[in-house]
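Chain by chain, the residues:
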Amino acid sequence: MSTDPESNTVECAGKTAGGRACALRDACGSRASALREIRRWATADRMPEESDGISLARSVTEHVRGKGKHFLSDRVRVMLSDIRRRHGVDRPFLDAFLDCVLDKHEGRFQNRTYLALPVLELLMDHRDAALSADRMSTLLMADVVRFEIEAAAGSPAGSGRDRPDAATLSTRLRHALRLVPTGLGAPEADDLPSRLAHTPRSRLEGLADGLPRPPANDRARWFDVTVQPVSVVHDEYFFIRVLQTHEMHFTAMVESVKKVIGALRAGNPEGAAELVERVVVMFERAATLFRVVATMRAEQFSAFRQYTQGASAIQSEQYKRFEGLCGVPTVPRLRSSAFTSVPVVRAESEDPGHDTVTRAYRELRNAGGPGRAGWDRLDTAISRLESGHQRWKSAHRGLAARMLGDAHGSGYTDGVPYLTRCLENRLFWQLDTSA
Ligand code: HEM
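Attention here is on the structure that accompanies the text. (Residues numbered from 1 in each chain as written. Predicted model: local features only at pLDDT ≥ 70, side-chain atom pairs only at ≥ 80, totals over all residues.)

In the neighbourhood of the ligand, 27 residues make up the surrounding shell, with Ser312, Ala313, Gly409, Gly411 and Thr413 lying closest. Within the residue set of the shell around the ligand, elements represented by two or more residues are α11 (235-265), α12 (269-293), α19 (372-404) and α20 (416-422). Counting residues per element, the shell around the ligand draws most heavily on α19, at five residues. The class makeup of the residues in the shell around the ligand is 18 nonpolar, nine polar and no charged. (Near = placed C-beta within 6 Å. Helix = DSSP H or I, 4+ residues; strand = E, 2+ residues; numbered from the N terminus. Nonpolar A, V, L, I, M, F, W, Y, C, P; charged D, E, K, R; others polar.)

For the rest of this paragraph, the subject is the packing of α11 against helix α18 (residues 357-366). Closest axis-to-axis distance for the α11/α18 pair is 9 Å, and the angle between their directions is 15°. When the axes of α11 and α18 are compared, the pair comes out roughly parallel. Like other packed secondary-structure pairs, α11 and α18 cross with a definite hand, here left-handed. Contacts between α11 and α18 involve Val257, Val260, Ile261, Leu264 and Arg265 from the first element and Val357, Ala360, Tyr361 and Leu364 from the second. The residue inventory of the contact of α11 with α18, partitioned by class, reads eight nonpolar, no polar and one charged. (Axes fitted to C-alpha atoms, helices over the stretch in contact; angles between N-to-C directions. Parallel < 35°, antiparallel > 145°, perpendicular 65-115°, else oblique. Left-handed = near helix turned anticlockwise from the far one by under 90°. Contact = placed C-beta atoms within 7 Å.)

Relative to the assigned elements, Leu72 resides in the loop between α2 (54-67) and α3 (74-87). Assessed through the 22 C-beta atoms surrounding it within 10 Å, Leu72 is described here as buried. Other than its neighbours up to four places away in sequence, Leu72 contacts Lys67, Arg77 and His105. (Buried ≥ 20, exposed ≤ 12 C-beta atoms within 10 Å, placed from the backbone.)

This is how it looks when you write it as C-alpha cells:
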C-alpha cells in the first residue's frame, strides 16, 4: 500500500505483504477512481447539458464516505467549489448537494446541511415526485436496514470494521423494521434478525430484496447521495438516516396539525379529534427512533460527535414548527436557544396572525361551538398528544444522559440539564383539557 500525499487517501496495490489478495482492495480502488472522477470534472470545460451531475455526486459521496467530510483535503474542497461555481447554476440538485458537502469548510455547518435536507426537500418538492414525507421516512429507514445488511455481508476487515456485533445488529434491525412496511410479509420481517444471525455472509444481501426502494426515476437517484458523514465511523450512517427520518415524521405531523386547525375553524371538533388521534400515532412512531439510536455504543457516538459541533437537532425547524402550531410557546421558551436556533420559526410563532390549535380551540369553544361529544373526544386526544410529547422528551433525555453524560450539547446548550428543563414545557399549556 502507498499513501497518495495529495489526497491523504490510501492507494492499494491489491496484495498484502504475504501475497494474499488485500481485503481493502475494492474500497481503495473505488476511492481512487472516485478521486480521479472529481479531478476529471474539475478540469472539464463543460458538463454535458443533459447531465444533472449525479455521476459526479456519486463519486464525491464515495470519496466523502471513505474519508469523512471533516477530513476533505484543501485541494478537493477547492475543486468542488470550483465545480459548483461553473456547473451548479442550472443544476439545482448538484448545487444543493455541493452546498451540503462544503458546509464545514465554508463555516456554515448546521443540522440542515449535515442531514442534506436541501437535497431531500428537492426530491419531495416536485409535482410528479410522489414522495410524501411519510413515504420518505419509510425509504430512509429501509435504507438503514439495507446498509446494515450489506455491511454485515462485507469483509470483516474492510470498511465498517467497527460495525455492531450480531446481537446489537439484530436489535437495531428489529426496531428499524417496525418503521418499514416491508414487502417481506410480517412473519418474514419479524424473522429477519434471526435469519441474519444464521445466514452465510455471501447470501445476506438477498435478504434486503423485499425492502421498499425509491422510485425508479432520474430525480430519485439523488436519494443515494444524501448521507455525507463527517467521519468514517460505521454507526454515523444510520444516525444520519434516523435524524432525517425524524425530520420527515415532524414534516408529516406539521401538515396534520394544520388540518386540525382547519377542522376547528370549520366548526368540527369531532373531525379535529380524529386528526389529533392520528398525530398521536405518528408521535409514537417518532419515539421509536430512540430505540434504534439506543443500539449505538457511547464510544461510537463520541467518535464522530467530536466533528459535529455546531450541528444539532435543536436547529430542527419542523420540530419547533409543530410545537408552534399546537400553541404559541411561553415567552421564556421563545427567548431560549430552543427558538433562537430557529429564527424563521420563531418569527412565525410571534406573528400576531399566526393560527394555532390552542387559539382555534378556544375561539370555537367560546363561541359555543357544536355539542359535547366532539369536545370530549378532542380533549382526550389532546391529552394523549401532550402525554406522547412528554414521553418523547423523557426518552430523548434518557438517551442523551447515557450517550453524553455531563458534556455540553453540540448546539452549545449545557446538554442534559437543558433537556431536563425542557420536560417542564407543555404543548397545550393554555388549554385545560382535563375537565
Ligand atoms: C445520541 C443521541 C442524542 C443525543 C446525545 C442528543 C442530545 C441532545 C441535546 C444535548 C440537545 C440540546 C441541544 C443541544 O445543545 O444540542 C438536543 C436537542 C434535540 N434533539 Fe437530541 N440527542 C440525541 C439524539 C436525538 C435524536 C435521535 C433525535 C431525533 C429523533 C433528537 C432530536 C432532538 C431535538 C428535536 C432537539 C431540540 C429539543 C428542544 O430544543 O426542545 N436527538 N439533543
